[in-house]
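Here's the letter readout for the chains.
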Amino acid sequence: MIDISVLESEALGSIKEVKDLKELEEVRLTYLSKKGRVQELMMQMRELPKEEKPAFGQKVNELKRTITESLKEKEESLKVVLMNEAMEKEKIDISLDAYTPSYGTLHPLTLMSEAIEDCFIGLGYQVAEGPEVELDYYNFEKANIPKGHPARDMQDTFYIDPVTLLRTHTTAIQMRVLEKAHGQMPIKLICPGKVYRRDNDDATHSHQFMQVEGLVVGEGITLADLKGTLQFMVDSLFGKGRAIRFRPSYFPFTEPSVEVDMSCHVCGGKGCPTCKGTGWIEILGSGMVHPNVLKMADIDPQKYSGFAFGVGIERLAMLKYGIRDIRDLYTNDVRFLKAFKRFD
Ligand code: DAH
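What you are looking at is a predicted structure, and each value in this text was computed from that prediction instead of being measured. (Residues numbered from 1 in each chain as written. Predicted model: local features only at pLDDT ≥ 70, side-chain atom pairs only at ≥ 80, totals over all residues. Heavy atoms only, no water.)

Asker: Would you explain the domain arrangement of the protein in this entry?
Answerer: It is common to give the size of an interface as the accessible area lost on bringing the parts into contact. In terms of domains, the protein is made up of domain 1 (4-89) and domain 2 (108-343). Each of domain 1 and domain 2 has a C-alpha centre, and the two are 94 Å apart. (Domains from an automatic or database assignment.)

Asker: Looking at this model, I keep getting lost on empty space enclosed by the protein. Mind explaining?
Answerer: Over the atoms, a rolling probe the size of a water molecule traces out where space has been left empty. Enumeration over the complete set of coordinates arrives at one cavity of 30 Å³ or more. There is about 40 Å³ of room inside the largest cavity. Around the largest cavity, the lining residues are Phe140, Ile145, Ala151, Met154, Gln155, Pro252 and Phe253. Of the residues that constitute the lining of the largest cavity, the class distribution is six nonpolar, one polar and no charged. (1 Å grid on protein atoms, 1.4 Å probe; cavity = no way out; pocket = protein on both sides within 12 Å on 5 of 7 lines; lining within 4 Å. Points joined across faces, edges and corners; volume = space filled by probe spheres on them. Nonpolar A, V, L, I, M, F, W, Y, C, P; charged D, E, K, R; others polar.)

Asker: Just to check I follow, could you spell out the environment of Ile121 for this structure?
Answerer: In this fold, Ile121 is placed in helix α5 (residues 108-121). For Ile121, a relative accessible area of 44% puts it in the partly exposed group. Along the primary structure Ile121 and Lys188 are separated by 67 residues, whereas in three dimensions their C-alpha atoms are 9.9 Å apart. (Helix = DSSP H or I, 4+ residues; strand = E, 2+ residues; numbered from the N terminus. Buried < 20%, exposed > 50% of the residue type's maximum accessible area, 1.4 Å probe, protein only.)

Asker: I keep staring at the pattern of salt bridges and nothing clicks. Help me out?
Answerer: Opposite charge on two side chains lets them pair, provided their charged atoms get close. Taken as a whole and assessed by the stated rule, the structure comprises 18 salt bridges. Ionic pairing is found between Arg247 and Glu282, a salt bridge with its closest N-O pair at 3.8 Å. Pair noted here: Arg247 is in strand β7 (residues 244-249) and Glu282 is in strand β9 (residues 280-289), with a separation of 35 residues, a long-range link. Judged by relative accessible area, which is 37%, Glu282 ranks as partly exposed. One network of salt bridges, in which partners are shared, links Arg245, Arg247, Glu259, Asp261 and Glu282. (Salt bridge = Lys/Arg side-chain N within 4 Å of Asp/Glu carboxyl O.)

Asker: It is not clear to me how the sheet that holds strand β3 (residues 159-161) should be interpreted in this structure. Could you clarify?
Answerer: One key point about sheets: their strands pair by backbone hydrogen bonds, in either a parallel or an antiparallel sense. Across the sheet, which stays open at both edges, the three strands sit in the order β2-β4-β3 with antiparallel pairing between neighbours. On the outer flanks of this sheet lie β2 (133-135) and β3, each paired with one strand and no other. Here the strands of the sheet are splayed against their neighbours by 35° on average, with no regard to which way each runs. Where β3 lies against strand β4 (residues 164-166), two bridges are found, and the strand directions are antiparallel. Following the sheet pairing, Tyr159 is matched in β4 by Leu165. (Pairing = 2+ DSSP bridges. Axes fitted to C-alpha atoms, helices over the stretch in contact; angles between N-to-C directions.)

Asker: Is there a simple way to think about the site of the ligand in this case?
Answerer: Near the ligand there are 16 residues, and of these His169, Thr171, Arg197, Gln211 and Glu213 occur at the shortest range. Between the ligand and Gln174, the relevant distance is 3.5 Å, taken from an oxygen atom to a side-chain nitrogen or oxygen of the residue. At 3.4 Å, a backbone N or O of Phe309 approaches an oxygen atom of the ligand. Protein contacts shield 91% of the accessible area of the ligand, which totals 360 Å² for the unbound molecule. More than half of the atoms belonging to the ligand lie within 2 Å of the grid points that define the largest pocket. (Near = heavy atom within 4 Å. Polar contact = N/O pair within 3.5 Å; in protein donor to acceptor, adjacent residues only side chain to side chain. Areas by Shrake-Rupley, 256 points an atom, 1.4 Å probe, with all protein chains shown as cover. Sits in = over half its atoms within 2 Å of the grid points.)

Asker: I'm lost on the side chain of Asp235 in this one. Help?
Answerer: Tracing the chain through its elements places Asp235 in helix α8 (residues 223-238). One buried charged residue, Asp235, remains without a salt bridge, the closest side chain of opposite sign being Lys240 at 4.2 Å. Apart from residues no more than four positions distant in its own chain, Asp235 is found in contact with Lys240, Gly241 and Arg242. (Lys, Arg positive; Asp, Glu negative; His and termini not counted. Contact = heavy atoms within 4.5 Å.)

Asker: What is the right way to look at the pairing of strand β6 (residues 208-218) in this model?
Answerer: Residues in a regular strand project their side chains so that they alternate between the two faces of the sheet. The buried count for β6 comes to eleven of eleven residues, which makes it a mostly enclosed element. Alternating residues of β6 divide into Gln208, Met210, Val212, Gly214, Val216 and Gly218 and Phe209, Gln211, Glu213, Leu215 and Val217, and every residue in both groups is buried. Two elements, strand β5 (residues 187-196) and β6, share ten bridges in a ladder whose sense is antiparallel. Its bridge partner being in β6, Ile190 is matched across the sheet by Gly214. Note: β6 against strand β10 (residues 305-312), eight bridges, orientation antiparallel. Along β10, the bridge assignment pairs Val216 with Phe307.

Set out below in structure tokens:
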């Protein structure tokens, strides 16, 4: 005969010893399965006298309940242990230094081009582009610089063959735009892009650089419109308070032609090394579109007039950011490039 209380303390003892859920299941099967120890007790009941059966049955049921409860308790405490172990394994060390991503910055030439574009788009201009490998025809002929014209010497040119070249100025885009307009007026455009010259690179020259061409053609456009427009551009790029002045100059595609100076943004016009003591800094070339240029594009110069200008982006960026050597803009030294922030 199995003793109920012995079986109980044996079962509770084994449950206590259990280390994981698998062992716990084994213990459960040992005591509570159909062929388990508690079932064996039930079998003994058959041999008992009738009057002892109910009391015995009740005791076996109590034993079953006690073991079941103990198993449940053990299962819960094992689950807590397992969860704590898992949490310990997956613990994140919040005292570790966080990875700080390093952000790129926009190139100073991109910043300057975007600032110029923003300024003119705000005035209702459109942006046009053209090919860098260009025909002599658009770069020179249509700009009123025929073959043999001495002005061709103003810009040393990379020729690809006798009729194809690397454009020397964005004025070539201006000529394409005028032709494409088919006399549709008004025209209000800026044309940014790379240009090429056969120059030896030094602190102020680069064989490749960037320009933005501006072009407005319509009825009654005058030099005063040009001046007001350029003053607006200088105000937006260098802040209000800079004066501009026109000096007579020569470009074959404009008549009259002017060179434009801005009062020095470093000394305010008093004279300093940046403006070489003059108080003025040359910033661009411009003028009224030459009647020959208009005629070549089938635009009647009696009815329409226009202004144009061409500005070097490197030059403006160097002035704005105090960069001394144009080559710094092309050598891509990250320490140099990191210094540039967006326009405010
Ligand atoms: N194309 C000239 C250059 O590269 C700049 C220029 C001057 C452009 C006068 C113009 C202009 O549109 O009207 O030196």
